[in-house]
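# Coordinate analysis (summary)
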Amino acid sequence: MRGEKSSLKIRVRYPYYTVNVKKGYYMDSIQLLKISEEVKKVPGVLEALIAMGTDTNKELLKMLGFSYEDLNVTPNDLIIAIGAESEDALKNAVNTAERLLEEGIGETREYYADLDTALSKNPDISIALISIPGQYVKDVAMKLIDRGINLHIFSDNVPINDEIEIKKRALEKNVLVLGPGAGTVIIKGVGLGFADKVNVGSVGIVAASGTGLQEVSSLLSEIGIGISYGLGVGGNDVKNAIGGIMTIKALEFLQNDDDTKVLALISKVPDRETEEKILNYIYNNVSKPIIINFLGGHARESAKGNVYFTYTLHQTILKIAKVISENKYVEARNKYLLSFDELIRLADELKRELSSSQRFVRGLFTGGSFVNETLVILRELVNDLYSNAPIEGVAELKNPFKSIANSIIDLGDEVFTRGRPHPMIDPTIRVNRLLEEANYDDVAVILMDFVLGYGSHDDPVGAHADAIKHIMESSKGKKVIIAHVCGTSEDPQNVVEQVNKLRSLGVIVMPTNALAAFLAGLIVTNKSIEKLKYVYDGLIEV
Amino acid sequence: MSMDKRIHKLKVNDKNELNILNIGLEIFYNDLRKQGVNAIHVAWKPPVKLEKDIEDILSKVM
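These lines cover the structure that appears in this document, whether it is placed above or below. (Residues numbered from 1 in each chain as written. Chains lettered and ligands numbered in written order. Predicted model: local features only at pLDDT ≥ 70, side-chain atom pairs only at ≥ 80, totals over all residues. Heavy atoms only, no water.)

Counting residues in hydrophobic clusters, the biggest one holds 144 residues, and the most contacted among them are I130(A), I482(A), F518(A) and L21(B). Take this core: its biggest share by element is ten residues, from helix 18 (residues 513-524) of chain A. Shared between two domains, this core takes at least three residues from each, and those domains are domain 2 (115-335) and domain 3 (340-539) of chain A. With residues near it in sequence (within four places) discarded, L21(B) still touches L115(A), A118(A), L119(A), I125(A), I127(A), A128(A), L129(A), I40(B) and V42(B). F416(A), M448(A), V461(A) and A467(A) belong to the second-largest nonpolar core, a separate cluster that totals 43 residues. (Core = buried A, V, L, I, M, F, W, Y, C linked by side-chain atoms within 4.5 Å. Buried < 20%, exposed > 50% of the residue type's maximum accessible area, 1.4 Å probe, protein only. Helix = DSSP H or I, 4+ residues; strand = E, 2+ residues; numbered from the N terminus. Domains from an automatic or database assignment. Contact = heavy atoms within 4.5 Å.)

Here's what the structure looks like:
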């Protein structure tokens, strides 16, 4: 089809294109991503998007240059959009797409077409990892709970009433339900979902904060402090509707586990009543040392000698090391801390490359907890701070697709992930957004996270390299890009290699997300040096 | 409160025996296999949605 002869009222920037809709066709988003990637490799193909017809994918279709006015597609339908430079290339691409959709793509070995057969042939399952669309989770979860199987529910968008029913049933049957919306679980060195390859050791972590768990577990592991269990419970667990049911169950499990010597609880701010309930449980039942981080919460005084509070993930890492030994604390400080003076000097150097009209920070994050931690720090340093995942003291960004002033975007938010893989797996949306943000003349700093580990893209930095190069070489004026890489040297992507790759592109890489946020804030802030030191002492130092 | 045997099943022994069932995204299954874990994969598909009138008829006869 030639671009100018559109019967679907679609305007495209490709000489030859097709936008087809297969009604009532389902395939999982990662399989579809792989098929899109294969179709893009067909000679002469300029762009390919094969994806379910969700709002997110319709938005992406526009971003990729397939503008349309009226596309009759629902989330249960498949879109096949291909742009090519010749008719033959387009024909080959369509044939490749149809063949891959028919044959599937992947290397599954122990493969079952239905759950009942899988369970009857494998009666000794310890835990099930569920990542199916949210509205279907309850049926599957109930069946597994009734068989006494613990669950890690990765899926988002599970209706809250379903979650309540699932967790009540789990309490009756005495099984753990980690999630819904739990990105990460670690069981004695084995990672489920998004998890880094960490050493096995004595720290047990409960987290209503997926990337928070990844940050703390991987940075501890890199200084030789291992993890016994990392139990993600999902963000809803600390809301009053759920009341911390599984947070408490997981704390109980770690308190009773002989191999766990130190506990940590990392969480987005719980609802007030649930927070009190969880703390009450801890004060009455947890006798091991426990470090608690409610990211974005109010200051708290500990009422018991073994209970410590921190404000940031960064402080949590230093505090755990301090509780374990003085040597580990020194090691953690040497590896993860820059002094206040060093940071001021670095910020001054970077500022010299910018013009006075460049005033704003833009954060493009794949990890929700990194958004939280960044906001905890930036709200002390800058005004006009917006986010699509705001905390107290931060304004809500009404349109998450368009930044204003200082904007910190959680690209893992469901608005960006309906029918698409998470941005830790598929960087398409962030790469496009990065190029867009760099076009604003008043933007000084772009902040980014790169999350490694199982489940994530096999080369996240490489996937952004062309866009970063384009920005660094642009004649539109200098931007400072500051990044943090969350991962370990044992991860499939290797943290050292990813950091080196970023540095070779001219990106400033900080050892923790908190330091990246603080440095970004220092570049654009107009606060006094005394205030800056106060923030550093309160949120970075231990 | 003591833990029962079901939650104990989260523990792995020296042979790293943790049996995991993955249902949904195949990438997680492949990553479990890369870690040398006993894992099986269920290739989930959404249930076929019956037309409302057929559902109504079925609900009357069943």
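Having put the structure on the table, let's press on.
Here the idea is simple: oppositely charged side chains can pair when their charged atoms come close. Residues and elements named next belong to chain A. Enumeration over the complete set of coordinates arrives at 28 salt bridges over all chains. Of the charged contacts, one joins D77 and K23 as a salt bridge, the two residues approaching to 2.8 Å between their closest N and O atoms. Remark: K23 occurs in the loop between strand 2 (16-22) and helix 1 (29-40) and D77 occurs in the loop between strand 4 (66-68) and strand 5 (78-84); sequence separation between them is 54 residues. Here E353 and K478 are joined by a salt bridge, their closest N and O atoms 3.3 Å apart. Here the residue E353 occupies a position in the loop between helix 12 (340-351) and strand 17 (360-365), and K478 occupies one in the loop between helix 16 (460-472) and strand 22 (480-486), the gap between them amounting to 125 residues. We classify E353 as partly exposed; its relative accessible area is 43%. Given a relative accessible area of 34%, K478 falls into the partly exposed group. (Salt bridge = Lys/Arg side-chain N within 4 Å of Asp/Glu carboxyl O.)

Along helix 5 (residues 137-146) of chain A, the positions that sit buried rather than exposed are V137(A), V140(A), A141(A), M142(A), L144(A) and I145(A). Looking at the buried side of helix 5 of chain A, the elements it contacts are helix 4 (115-121), strand 7 (127-130), strand 8 (150-153), helix 6 (160-173) and strand 9 (177-178) of chain A together with strand 1 (19-23) of chain B.

Residues and elements named next belong to chain A. Reading across from one edge, 2-5-3 is the order of the three strands in this open sheet, with antiparallel pairing throughout. Of all the strands in the sheet, just strand 2 and strand 3 (45-52) have a single pairing partner and so form its edges. Here the strands of the sheet are splayed against their neighbours by 5° on average, with no regard to which way each runs. Bridge count for strand 2 against strand 5 is seven bridges, and the pairing is antiparallel. Within strand 5, the residue paired with K22 across the bridge is L78. Sitting on the sheet, helix 1 is in contact with strand 3 and strand 5, with an inclination near 165° to strand 3. (Pairing = 2+ DSSP bridges. Axes fitted to C-alpha atoms, helices over the stretch in contact; angles between N-to-C directions.)

Residues and elements named next belong to chain A. Taking strand neighbours across the sheet as the criterion, the seven strands line up as 19-18-20-17-21-22-23 in an open arrangement whose pairing is parallel. Of all strands in the sheet, those with a lone pairing partner are strand 19 (395-396) and strand 23 (508-510), marking the two edges. Of the strands in this sheet, strand 17, strand 21 (443-451), strand 22 and strand 23 are in contact with helix 18, which crosses strand 22 at around 170°.

On to the interface of chain B and chain A, then. Contacts between chain B and chain A engage 38 residues on the former and 55 residues on the latter. Buried area between chain B and chain A, both sides added, is near 4,500 Å², and the carbon and sulfur share of it is 61%. Applying the counting rule to chain B against chain A returns zero salt bridges. Our enumeration of links across chain B and chain A arrives at 13 residue pairs in polar contact (both at pLDDT 80 or more). Elements supplying a minimum of two residues to the side of chain B that touches chain A: helix 1 (5-8), strand 1, helix 2 (26-34) and strand 2 (38-42) of chain B. No other element matches the eight residues that helix 2 of chain B contributes to the side of chain B that touches chain A. Of the residues in the side of chain B that touches chain A, the class split is 22 nonpolar, eight polar and eight charged. With four bridges joining them, strand 7 of chain A and strand 1 of chain B adopt parallel strand pairing. Across the sheet, A128(A) pairs through a bridge with L21(B), a residue of strand 1 of chain B. (Buried area = accessible area lost by both parts, 1.4 Å probe. Polar contact = N/O pair within 3.5 Å; in protein donor to acceptor, adjacent residues only side chain to side chain. Nonpolar A, V, L, I, M, F, W, Y, C, P; charged D, E, K, R; others polar.)

Residue and element names in this part refer to chain A. Here strand 15 (residues 290-295) lies mainly inside the structure; six of its six residues are buried. Burial along strand 15 is two-sided: the residues I290, I292 and F294 and I291, N293 and L295 are all buried. Of the pairings in the sheet, the one linking strand 14 (residues 262-268) to strand 15 comprises six bridges and is parallel in character. Paired with L263 across the bridge in strand 15 is I290. Handedness of the crossover joining strand 14 and strand 15 through helix 9 (residues 272-285): right-handed. Pairing of strand 15 with strand 16 (residues 307-310), which is carried by four bridges, proceeds in the parallel orientation. Considered in strand 16, the bridge of N293 is made with T310. (Right-handed = clockwise from strand over helix to strand, strands pointing away.)

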